[in-house]
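# Remarks on the overall topology
One letter stands for each residue in the lines below.
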Amino acid sequence: MPDSSARTVPWFSRPADRSWTCAPAPAEVRDFHAALPGYAPTPLTEVPAIAAELGVGRVFVKDESSRLGLPAFKALGAFWAVRRVLAERAANGRAPSGPLTFVTATDGNHGRALARAARLAGGRAHVFVPEGVHPLAVAAIAGEGAEVTEVAGPYDGAVRRAAEAAAAPGAVLVQDTAWPGYERIPGWIVEGYSTLFTEIDAQLTAAGTGLPDLVAVPVGVGSLAQAAVTHYRSRVTDRAPALLSVEPEAAPCVLDSLLGGEPVSVTTGETIMAGLNCGTPSGLAWPFLRDGLDAAIVVTDAESARAAGDLAALGVSCGPCGAAALAGVRAALTGDGAALRRTALGLGPASALVLLGTEGADANPAPVAGHPDI
């Protein structure tokens, strides 16, 4: 069993947030996805060995290694956002005379998903990629027909370059982070992620479990965590789940923001969790994270790599970002201070946990325990 006592675990908790509420995502999002060719709910895989290790009742992994033909959950947001952009332009009489160019910055998965959505909609994509993204992930984006521009420096710099490029005629920025004045399209992307949680509801019911006691969410800028908060805090229930965000040690922007009580930017470092290597929380997500998360934790590359290898041995494909959910739960529930963290999360021996395995091993290739170097 991994021993979190080997390091001081960066941790934030505020369990009272479970009483905060918000409006739900639009119901038509799931219907849109369900009508897409090749749609099927991704698996919710139970892993009893992990439950026994952690001393809880049941553990499930939402396996996003194959979502609409792509190796990550990001297709849900990108496809919905492209649909909304085109529908709004048509309704306003602004349908483009030629192919529209969809522009974004990405650590890998969002850019590939947007490139696929743009191609299927008859448009083009221009994707800006920061340093640290695996060459195979960059090649996969280009393989979708996108123009790819590699940017020296971190993710935040690539976002700035994409925003500048999107000012050109016939271009639109479809970015999965928000800032003042740019919130509507990131909001559509977050709405798209709601399908993932609707699927989990049905799958847990089929497994004989109601709402989970905890959902662990890997976090970059926080858009998926915003979708999780929206889903679980928009319903009336006497047993709302605890929501735990998990970030890499190299990019703890949400944890640092929660600890400080306001959004902050951090200087990011290198990490195998490339899709989570973001230095600034989304401005749109921040109020949801501040008021709706129960806890936040930071994990190391070694912990994520070990988790990916262990999940692979159990038949679940997770890249380092997806495996961060397991690494985060392990860090929270084992080692020094674990009893206090369990109490803060409201977990006991019968608790049910859901880990969001946000990407497959092929999404952002990286060496992980039990796998050969690439």
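Every value quoted in this text rests on a predicted model; they were computed, and no experiment measured them.

### Section: the sheet that holds strand 4 (residues 101-105)
The parallel open sheet is built from 4 strands, whose spatial order is 6-5-4-7. Both edges of this open sheet fall to strand 6 (147-150) and strand 7 (171-173), since each of them pairs with a single strand only. Averaged over all adjacent pairs, the angle separating strand axes in this sheet is 20°, with direction ignored. Relative to strand 6, strand 5 (residues 124-129) runs parallel, the two sharing 4 bridges. Across the sheet, residue Val 127 finds its bridge partner in strand 6, namely Val 148.

### A few points about the packing of helix 7 (residues 184-206) against helix 8 (residues 223-232)
At a minimum axis distance of 9 Å, the contact between helix 7 and helix 8 shows a crossing angle of 55°. Classified by the interaxial angle, the pair formed by helix 7 and helix 8 is oblique. Here helix 7 and helix 8 pass one another in a crossing that is right-handed. Mapping the contact onto sequence places Val 190, Tyr 193, Phe 197, Thr 198, Ile 200 and Asp 201 in helix 7 and Ser 223, Leu 224, Gln 226, Ala 227, Ala 228, His 231 and Tyr 232 in helix 8. Of the residues that constitute the contact of helix 7 with helix 8, the class distribution is 8 nonpolar, 4 polar and 1 charged.

### A word on the state of the cysteines
Defined simply, a disulfide is a covalent bond joining two cysteines at their sulfur atoms. Scanning the model with the defined rule gives 0 disulfides in all. Looking at the unpaired Cys 318, the closest cysteine sulfur is the one in Cys 321, lying at 10 Å. Residue classification places Cys 318 among the buried positions, given a relative accessible area of 4%.

### Some remarks on the sheet that holds strand 3 (residues 58-63)
Across the sheet, 7 strands lie side by side as 1-10-9-8-11-3-2; this open sheet has mixed pairing. In this open sheet, the two edge strands, each paired with only one partner strand, are strand 1 (11-13) and strand 2 (44-46). In this sheet, adjacent strand axes meet at a mean angle of 20° when their direction is disregarded. Sheet topology places strand 8 (residues 214-218) next to strand 9 (residues 242-248); 5 bridges connect them, and they run parallel. The partner of Ala 216 across the bridge, within strand 9, is Leu 244. The strands touched by helix 8 are strand 8, strand 9 and strand 11 (352-357); relative to strand 8, the strand with the most contacts, the crossing angle is about 160°.

### Focus: the packing of helix 12 (residues 320-333) against helix 13 (residues 338-345)
The geometry of helix 12 relative to helix 13 is characterised by a closest axis approach of 7 Å and an angle of 115° between their N-to-C directions. In terms of their interaxial angle, helix 12 and helix 13 are classed as roughly perpendicular. Across the interface between the two elements, Ala 331, Ala 332 and Leu 333 from helix 12 touch Ala 338, Arg 341, Arg 342 and Leu 345 from helix 13. In terms of residue class, the contact of helix 12 with helix 13 is made up of 5 nonpolar, no polar and 2 charged.

### Focus: the nonpolar core
Looking at soluble globular proteins, one finds that nonpolar side chains tend to be buried together. Phe 102, Val 174, Phe 197, Ile 200, Val 354 and Leu 356 are the most contacted members of the largest nonpolar core, which totals 82 residues. Among the elements that take part in this core, helix 7 stands out by supplying 9 residues, more than any other. Formed by 37 residues, the second largest nonpolar core is a distinct cluster that contains Val 47, Ala 242, Val 329 and Ala 331.

### Comments concerning helix 12
Under the 1.5 Å per step criterion, the end-to-end length of helix 12 is 20 Å for 14 residues, consistent within 8% with the ideal 20 Å. Of all the bends in helix 12, the greatest, near 25°, is centred on Leu 326. The buried count for helix 12 comes to 14 of 14 residues, which makes it a mostly enclosed element.

### Observations concerning the confidence of the model for the protein
When pLDDT is averaged across the protein, the result is 92; 94% of the residues are at 70 or more. Contacts for the low-pLDDT stretch residues 1-5, under 50 throughout, to residues beyond four places or in other chains number 14 contacts. Here residues 367-374 is a poorly scored stretch, pLDDT under 50, and it has 15 contacts once near neighbours within four places are set aside; other chains count.

### Considering the pattern of salt bridges
Using the criterion set out here, one finds 16 salt bridges in the structure. When the shortest N-O distance is used, the salt bridge between Glu 199 and Lys 62 registers 2.8 Å. One end of the pair, Glu 199, is in helix 7; the other, Lys 62, is in strand 3, with 137 residues separating them in the sequence. Looking at Glu 199, the relative accessible area reads 2%, which means it is buried. Looking at Lys 62, the relative accessible area reads 0%, which means it is buried. For Glu 88, the salt bridge goes to Arg 184, with nearest N and O atoms at 2.5 Å. Of this pair, Glu 88 sits in helix 3 (residues 75-91) while Arg 184 sits in helix 7, placing them 96 residues apart in sequence. A cluster of three or more residues bridged by salt bridges with shared partners is formed by Lys 62, Glu 64, Arg 67 and Glu 199.

### As for the packing of aromatic side chains
Enumeration according to the criterion identifies 5 aromatic pairs in this entry. For the ring pair Trp 20 and Phe 288, a centre distance of 5.8 Å and an interplane angle of 90° mean the geometry is edge-to-face. Placement of the pair is Trp 20 in the loop between strand 1 and helix 1 (28-34) and Phe 288 in helix 10 (residues 286-292), with a sequence separation of 268 residues. For Trp 20, a relative accessible area of 26% translates into the label partly exposed. Aromatic pair Phe 197 and Tyr 232: ring centres 5.8 Å apart, planes at 85°, arrangement edge-to-face. Here Phe 197, found in helix 7, pairs with Tyr 232, found in helix 8; they are 35 residues apart in sequence, far enough to count as distant. For Tyr 232, a relative accessible area of 1% translates into the label buried.

Each value, and the rule that gives it
- Residues numbered from 1 in each chain as written.
- Predicted model: local features only at pLDDT ≥ 70, side-chain atom pairs only at ≥ 80, totals over all residues.
- Heavy atoms only, no water.
- Pairing = 2+ DSSP bridges.
- Helix = DSSP H or I, 4+ residues; strand = E, 2+ residues; numbered from the N terminus.
- Axes fitted to C-alpha atoms, helices over the stretch in contact; angles between N-to-C directions.
- Parallel < 35°, antiparallel > 145°, perpendicular 65-115°, else oblique.
- Left-handed = near helix turned anticlockwise from the far one by under 90°.
- Contact = heavy atoms within 4.5 Å.
- Nonpolar A, V, L, I, M, F, W, Y, C, P; charged D, E, K, R; others polar.
- Disulfide = S-S within 2.5 Å.
- Buried < 20%, exposed > 50% of the residue type's maximum accessible area, 1.4 Å probe, protein only.
- Core = buried A, V, L, I, M, F, W, Y, C linked by side-chain atoms within 4.5 Å.
- Expected span 1.5 Å × (residues − 1).
- Bend = angle between axes of the 7 residues up to and from the residue.
- pLDDT = per-residue confidence, 0-100.
- Salt bridge = Lys/Arg side-chain N within 4 Å of Asp/Glu carboxyl O.
- Phe/Tyr/Trp six-rings, centres within 6.5 Å; stacked < 30°, edge-to-face > 60°.

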